[in-house]
Amino acid sequence: MLKERGIIIHAQDCGDYFAGRLEQTNLNVLGIHPEGGIAAHVSMQKCIDMLETEEWRTFHRRMEKAGIAVEFEMHALSWILERDRFDTHRDWFRMTDAGERTPEFNCCASNPDVLDYIRERSAKLAKIFRPDTDKYYFWIDDVATAACRCEKCRELSASDQALVLYNAIAEGLASVNPKAKLSYLAYFATLPVPTKVRKRDNVFLEFAPLARDFDVSLFDETREKNYSQVKTLPALLDFFGRDDAKVLEYWMDNSLFSGWKRPPKEFRLNAATCAADVAQYRKLGFDSVTSFGCFLGEDYRDLYGDADLSEYDRILGKE
Ligand SMILES: [Zn+2]
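None of the values given here were measured: they were computed from a predicted structure.

(A) Molecular detail of the packing of aromatic side chains. Overall, the coordinates contain 22 aromatic pairs when judged by the stated rule. With 6.3 Å between their ring centres and 65° between their planes, tryptophan 251 and tyrosine 281 make a pair best called edge-to-face. Of this pair, tryptophan 251 sits in the loop between strand 9 (246-249) and helix 9 (254-257) while tyrosine 281 sits in helix 10 (residues 271-284); the two residues are 30 residues apart in sequence, bridging distant segments of the chain. A centroid spacing of 4.8 Å and a plane angle of 45° characterise the contact between tyrosine 300 and tyrosine 304, whose relative ring orientation is tilted. With a gap of 4 residues between them, tyrosine 300 and tyrosine 304 both fall in helix 11 (residues 298-304), about one helical turn apart. Judged by its relative accessible area of 34%, tyrosine 304 falls in the partly exposed class. Following the ring pairs from residue to residue traces out a cluster consisting of Trp56, Phe59, Phe72, Phe129, Tyr136 and Phe138. The positively charged end of arginine 121 is found above the aromatic ring belonging to tryptophan 79, 4.1 Å away from the centroid.

(B) Representation of the domain arrangement of the protein chain in the model. Structurally, the protein chain comprises domain 1 (1-75 + 208-319) and domain 2 (77-207). When each unit is reduced to the centre of its C-alpha atoms, the spacing between domain 1 and domain 2 is 23 Å. Every contact between the two is made by 45 residues of domain 1 and, on the other side, 36 residues of domain 2. With both sides pooled, the region where domain 1 packs onto domain 2 buries about 3500 Å², and carbon together with sulfur makes up 68% of that total. On the domain 1 side of the interface with domain 2, the three residues burying the most area are His75, Phe240 and Asp244, jointly 23% of the side's total. Connecting domain 1 to domain 2 are 3 salt bridges. Across the pair lysine 135 and aspartate 244 runs a salt bridge, and its minimum N-O distance is 3.6 Å. Joining domain 1 to domain 2, the criterion identifies 17 residue pairs in polar contact (both at pLDDT 80 or more). Of all elements in the fold, only helix 2 (40-50), strand 3 (69-75), helix 7 (224-230), helix 8 (233-240) and strand 9 reach the threshold of two or more residues within the side of domain 1 that touches domain 2.

Thresholds applied
Residues numbered from 1 in each chain as written. Predicted model: local features only at pLDDT ≥ 70, side-chain atom pairs only at ≥ 80, totals over all residues. Heavy atoms only, no water. Phe/Tyr/Trp six-rings, centres within 6.5 Å; stacked < 30°, edge-to-face > 60°. Helix = DSSP H or I, 4+ residues; strand = E, 2+ residues; numbered from the N terminus. Buried < 20%, exposed > 50% of the residue type's maximum accessible area, 1.4 Å probe, protein only. Lys NZ or Arg CZ within 6 Å of the ring centre and 35° of its normal. Domains from an automatic or database assignment. Contact = heavy atoms within 4.5 Å. Buried area = accessible area lost by both parts, 1.4 Å probe. Salt bridge = Lys/Arg side-chain N within 4 Å of Asp/Glu carboxyl O. Polar contact = N/O pair within 3.5 Å; in protein donor to acceptor, adjacent residues only side chain to side chain.

This is the structure we're talking about:
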């Protein structure tokens, strides 16, 4: 059986309803996800505030009792490096192809001062978020590609630049929690393997093939779109190692299937695709698999009744 069988839900779904749903499954890892996008830092701060509430403590206790480890997965860079720092530190930020600095998306990966600042802010985050697994998921910005084009960064691919930032975050986390591990999120521009930057020991692969079709297996080589997502996967596993490698999928992501717009659409898992994908992930050496499971909470129940979690649960339990 897969060692880690997970699902990721929005922070606002952490309450009695979803606790009850999860208690009926054999899933053993729950990811909490403040919504991403442009306002990722705002929803992240809301999640931080939630951690201080009695409702959260009750929810966490129920998860603990059910044997479900709680983690937090989010686009954190705009919280770590506040965009208004641009007013005083323009050279910390990204240079566009046109040679102009911009506070939009990610930052410069070659400026030692911004890397120091990222380490310091990440140390602060390690004091706020305490995942039961010591695994942290503080991703860079939610954008297909946004690499710095300054003279120094130009030599580095988007993956190399991302790894520089993840190394800095991982170092900051480890300064507070020596057991801390951080994911490198491989999706869109960060799917190619880094070639010029070495990873810190406490960075592991999180593979998240978002730009895929779901009517066939991700590994169906006749589907070019899906193949584009997996062609670098063996090399990514070689580079990052298989020990903590994690799959972050979308089979249960009703926010994606609803076009990230409420109200949620009615959801049905494509079980054949999910089962074929999980079997192949297993063969490749993954022991940790999760999927977004957003837009399946109380507002979904009010429209369509309880979403079915059992088939997904059964597929992960079988492998
Ligand atoms: Zn740069």
